[in-house]
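# Examination of the molecular architecture
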Amino acid sequence: MSQPQPEFRPLLESDFALIYPIEQAAHQEPWSQANLLSCFGPRYLNGLLLVAGRPAGFYISDLVAGDSSLMNICVHPDFQGKGLGRALLREYLASSKAKKAEAWFLEVRAGNKGAIALYESEGFAEYCRRADYYGTGPDREDAVLMSRLFDFG
Ligand SMILES: CC(C)(COP(=O)(O)OP(=O)(O)OC[C@H]1O[C@@H](n2cnc3c(N)ncnc32)[C@H](O)[C@@H]1OP(=O)(O)O)[C@@H](O)C(=O)NCCC(=O)NCCS
């Protein structure tokens, strides 16, 4: 049987109850409720991924004067490894480009090799690191700052 096709729609503040469980299941250090809820408003561009009608992932980004920062992207673990994260990232790039984004930025844990491989394969490159930015004590990890500075078709 073929895989259900992903669907996308804008993510609204009223969708909070749909995305909070995904945030908690997907991330090593999930955002708080307050942090998630602070990311809605005019400068934000947020999207929801649905598979067979079920919320499966989302992204949160902002867009200011042509620069877009991807602040959060995640796919529920039940749906990972099926090409949906790439589809969601491409949806983010296309949606932000349609709203006049010309440069894209993000930040990722140095140990998150899967996400870094995904970003590199979609045109992002490292431009800077913040040492020991994530975690505490011996579990500290660098933040890798990545950008995509060219336009695409
Ligand atoms: C990062 C994330 C969004 C990727 O979503 P996904 O649906 O699992 O990814 P896909 O199946 O579309 O895979 C896309 C690419 O990611 C990379 N990737 C994904 N999982 C990987 C893994 N376990 N190991 C290595 N590379 C991996 C590969 O490059 C893969 O491309 P390929 O299949 O052509 O090799 C998802 O794993 C996730 O939500 N992780 C937790 C939250 C997180 O880390 N978000 C990013 C924070 S910056």
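Scroll up to find the structure.
The model shown is predicted, which means the values in this text are computed figures rather than measured ones. (Residues numbered from 1 in each chain as written. Predicted model: local features only at pLDDT ≥ 70, side-chain atom pairs only at ≥ 80, totals over all residues. Heavy atoms only, no water.)

### With respect to the overall build of the protein chain
Condition: Every helix listed is a DSSP run of H or I at least four residues long, and every strand listed is a run of E at least two residues long, numbered separately from the N terminus. Our radius of gyration looks at C-alpha atoms and nothing else; its globule reference is 2.2 Å times the residue count to the power 0.38. Burial status follows relative accessibility: with a 1.4 Å probe on protein chains alone, a residue under 20% of its type maximum counts as buried, one over 50% as exposed, and anything between as partly exposed. Only heavy atoms enter the contact rule, under which two residues are in contact if any of them lie within 4.5 Å. We get accessible surface area from the Shrake-Rupley algorithm with a probe of 1.4 Å; when it comes to residues, only the shown protein chains can shield them. Note on charges: Lys and Arg go in the positive column, Asp and Glu in the negative column, and His and the chain ends are not counted at all. Here the site of a charge means atom NZ of a Lys, CZ of an Arg, CG of an Asp or CD of a Glu.
Of the regular secondary structure elements, the protein chain holds four helices and seven strands. For the protein chain, the sequential pattern of α-helices and β-strands runs β-α-α-β-β-β-α-β-α-β-β. Compactness check: the protein chain gives a C-alpha radius of gyration of 15 Å against a globular reference of 15 Å for 153 residues, within 12% of the reference. Expressed along its principal axes, the backbone C-alpha trace of the protein chain runs to roughly 40 × 35 × 35 Å. For the protein chain, the proportion of its 153 residues judged to be buried stands at 41%. Of the contacts formed within the protein chain by residues at least 6 apart in sequence, a portion of 56% connects residues at least 24 apart. Carbon and sulfur atoms make up 51% of the accessible area of the protein chain, which amounts to about 8,400 Å² in all. Positive and negative side-chain charges in the protein chain, numbering 15 and 19 respectively, have mean positions lying 4 Å apart.

### Some details on the environment of Leu 93
Inspection of the secondary structure puts Leu 93 in helix H3 (residues 84–98). For Leu 93, a relative accessible area of 2% translates into the label buried. For the pair formed by Leu 93 and Val 51, sequence separation is 42 residues and the distance between their alpha carbons is 20 Å.

### Brief notes about the site of the ligand
Our working rule: It suffices for a single heavy atom of a residue to lie within 4 Å of a molecule or strand for the residue to be listed as near it. Identification of polar contacts relies on pairs of N or O atoms within 3.5 Å, with a donor-acceptor requirement for protein atoms, meaning one able to donate a hydrogen and the other able to accept it, and with residues adjacent in sequence counted only if both atoms are side-chain atoms. Each residue is assigned to one of three groups, with Ala, Val, Leu, Ile, Met, Phe, Trp, Tyr, Cys and Pro labelled nonpolar, Asp, Glu, Lys and Arg labelled charged, and all others, Gly among them, labelled polar.
As a matter of local geometry, the ligand sits amid 20 residues, with Val 75, Gly 83, Gly 85, Arg 86 and Asn 112 nearest to it. In the model, an oxygen atom of the ligand is placed 3.4 Å from a nitrogen or oxygen of the Gln 80 side chain. The contact in question runs from an oxygen atom of the ligand to an N or O atom on the side chain of Asn 112, over 2.7 Å. For the shell around the ligand, the secondary-structure elements that each account for two or more residues are strand E4 (67–75), H3, strand E5 (103–109) and helix H4 (113–121). Considering each element in turn, the shell around the ligand owes the most residues, five residues, to H4. Taken together, the residues that form the shell around the ligand break down as ten nonpolar, seven polar and three charged.

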